[in-house]
Amino acid sequence: MIAPASLRASAESFPVPYRRATLADDHEMAELVNFAGEGMPVYLWSGIAKDGESAWDIGRARARRESGSFSYRNTVVRDEGGRANAAVIGYPLTAAADPSDYDDMPPMFVPLQQLEDLAVGTWYVNVLAAYPEHRGKGYGTALLDIAARIARQSGCDGLSIIVSDANTGARRLYERCGYVERASRPMVKDGWENAGSLWVLLIRPL
């Protein structure tokens, strides 16, 4: 995946109770990313954990990274009592992968990368998630509004997001917020269990 620029260069402040993520949000970030990814992150982290490590150790370490797509530097959270209960992770898609690079990727990543490559120039919403008890409260809409603000400040020409075709609730939210289908690719599951059969790329022009 193409390494993103940090959102910190794009936005100085956010409306309370939204804020930039910090290193201390690593646990919640790992859980929220796994919710958004419908269990794929833990499935992948389990495959790379070494002696004495858990999948969650890997997830928390990745959340604390200073670079890369899944990093606290690319994350805005909704804070309640000092704890994140919802988050958006995003960044500009600035360059497409070389098609020859697909051969070196794990097969399950290839359709996702192909869709990202169709959205170069947009602000990519990599993760949007809330804890189950906080869903349906408008936090996702507020975080998508923040993402749109960052995208405009970054000079992007739109926003993009990829969703499973089985995740109808999330897709309805995105479509209410102005996202429309641009393309789809068959999933490669490689042992990961999911009800979907397609990854769907949605775009919101700005």
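Residues numbered from 1 in each chain as written. Predicted model: local features only at pLDDT ≥ 70, side-chain atom pairs only at ≥ 80, totals over all residues. Heavy atoms only, no water.

1. A short note on a negative patch on the surface
Turning to step 1, where the next piece is worked out: Negative charge collects at one region of the surface, where Asp 98, Asp 101, Asp 103 and Asp 104 lie side by side.
Turning to step 2, where the next piece is worked out: By the element assignment, Asp 98 lies in the loop between β3 (83-92) and α4 (110-117). (Patch = residues over 30% accessible without salt bridge, like charges linked within 9 Å, V, L, I, M, F, W, Y side chains within 5 Å. Areas by Shrake-Rupley, 256 points an atom, 1.4 Å probe, with all protein chains shown as cover. Salt bridge = Lys/Arg side-chain N within 4 Å of Asp/Glu carboxyl O. Lys, Arg positive; Asp, Glu negative; His and termini not counted. Charge placed at Lys NZ, Arg CZ, Asp CG, Glu CD. Helix = DSSP H or I, 4+ residues; strand = E, 2+ residues; numbered from the N terminus.)

2. Observations concerning the confidence of the model for the protein
Turning to step 1, where the next piece is worked out: Mean pLDDT for the protein: 93, with 94% of residues reaching 70 or above.
Turning to step 2, where the next piece is worked out: Segment residues 1-11 is flagged for pLDDT under 50; beyond a separation of four residues in sequence, or across chains, it makes 38 contacts in the model. (pLDDT = per-residue confidence, 0-100. Contact = heavy atoms within 4.5 Å.)

3. Section: the layout of surface pockets
Turning to step 1, where the next piece is worked out: Here the largest pocket is characterised by a volume of approximately 1,200 Å³.
Turning to step 2, where the next piece is worked out: As for the largest pocket, its lining consists of 47 residues, and the residues nearest its centre are Val 33, Ala 36, Gly 37, Asn 126 and Val 127.
Turning to step 3, where the next piece is worked out: Secondary structure elements with two or more residues in the lining of the largest pocket: α1 (26-36), α2 (40-48), β3, α4, β4 (123-130), α5 (139-153), β5 (158-164) and α6 (168-176).
Turning to step 4, where the next piece is worked out: Of the residues forming the lining of the largest pocket, the biggest block, seven residues, is contributed by β4.
Turning to step 5, where the next piece is worked out: Within the lining of the largest pocket, the residues separate by chemical class into 30 nonpolar, 10 polar and seven charged. (1 Å grid on protein atoms, 1.4 Å probe; cavity = no way out; pocket = protein on both sides within 12 Å on 5 of 7 lines; lining within 4 Å. Points joined across faces, edges and corners; volume = space filled by probe spheres on them. Nonpolar A, V, L, I, M, F, W, Y, C, P; charged D, E, K, R; others polar.)

4. Some words on the nonpolar core
Turning to step 1, where the next piece is worked out: If you look at the biggest cluster of nonpolar residues, it comprises 28 residues, and the most contacted ones within it are Val 125, Tyr 174 and Tyr 179.
Turning to step 2, where the next piece is worked out: Contributing elements (two or more residues each) for this core: β3, β4, α5, β5, α6 and β7 (198-205).
Turning to step 3, where the next piece is worked out: Sort the elements by how many residues they give to this core and α5 lands first, with eight residues.
Turning to step 4, where the next piece is worked out: When neighbours within four sequence positions are excluded, Val 125 is seen to be in contact with Val 88, Ile 89, Gly 90, Leu 144, Ala 147, Leu 159, Ser 160, Ile 161 and Tyr 179.
Turning to step 5, where the next piece is worked out: One finds Met 29, Val 33, Phe 70 and Ile 89 within the second-largest nonpolar core, a separate group that totals 18 residues. (Core = buried A, V, L, I, M, F, W, Y, C linked by side-chain atoms within 4.5 Å. Buried < 20%, exposed > 50% of the residue type's maximum accessible area, 1.4 Å probe, protein only.)

5. Examining the packing of α1 against helix α3 (residues 55-63)
Turning to step 1, where the next piece is worked out: With their axes 8 Å apart at the nearest point, α1 and α3 run at an angle of 110° to one another. Our classification of the angle between α1 and α3 gives roughly perpendicular. Where α1 approaches α3, its residues Asp 26, His 27, Met 29, Ala 30, Glu 31 and Asn 34 are matched on the opposing element by Trp 56, Gly 59, Arg 60 and Ala 63.
Turning to step 2, where the next piece is worked out: Looking at side-chain class alone, the contact of α1 with α3 contains four nonpolar, three polar and three charged residues. (Axes fitted to C-alpha atoms, helices over the stretch in contact; angles between N-to-C directions. Parallel < 35°, antiparallel > 145°, perpendicular 65-115°, else oblique.)

6. Quick word on the packing of α2 against α3
A pair of packed helices is characterised by two quantities: the angle between their axes and the separation of those axes.
Turning to step 1, where the next piece is worked out: At a minimum axis distance of 8 Å, the contact between α2 and α3 shows a crossing angle of 105°. It follows from the interaxial angle that α2 and α3 lie roughly perpendicular. On the side of α2, the interface is formed by Val 42, Trp 45, Ser 46 and Ile 48, while α3 contributes Ala 55, Trp 56, Ile 58, Gly 59 and Arg 62.
Turning to step 2, where the next piece is worked out: Among the residues forming the contact of α2 with α3, the class breakdown is six nonpolar, two polar and one charged.

7. Describing the environment of Lys 137
Turning to step 1, where the next piece is worked out: Structurally, Lys 137 is set in the loop between β4 and α5.
Turning to step 2, where the next piece is worked out: In sequence terms Lys 137 and Ala 170 are 33 residues apart; their C-alpha atoms lie 13 Å from each other.
Turning to step 3, where the next piece is worked out: Within the structure, Lys 137 has its side chain in polar contact with the backbone oxygen of Glu 133 (distance 3.4 Å).
Turning to step 4, where the next piece is worked out: In terms of polar contacts, Lys 137 uses its side chain to reach the side chain of His 134, at 3.4 Å. (Polar contact = N/O pair within 3.5 Å; in protein donor to acceptor, adjacent residues only side chain to side chain.)

8. Section: the sheet that holds β5
Turning to step 1, where the next piece is worked out: Taken in spatial order, the seven strands make up an open sheet running β1-β2-β3-β4-β5-β7-β6, and their pairing is mixed. A single partner strand is all that each edge strand has here, and the edge strands are β1 (18-20) and β6 (180-186). Across the sheet, the axes of successive neighbouring strands diverge by a mean angle of 30°, strand direction being ignored.
Turning to step 2, where the next piece is worked out: Bridge count between β6 and β7: six bridges; the pairing is antiparallel. Residue pairing in the sheet places Val 180 in a bridge with Ile 203 of β7.
Turning to step 3, where the next piece is worked out: Along the sheet face, α5 touches β1, β2 (75-80), β3, β4, β5 and β7 and points at about 160° away from the line of β4. (Pairing = 2+ DSSP bridges.)

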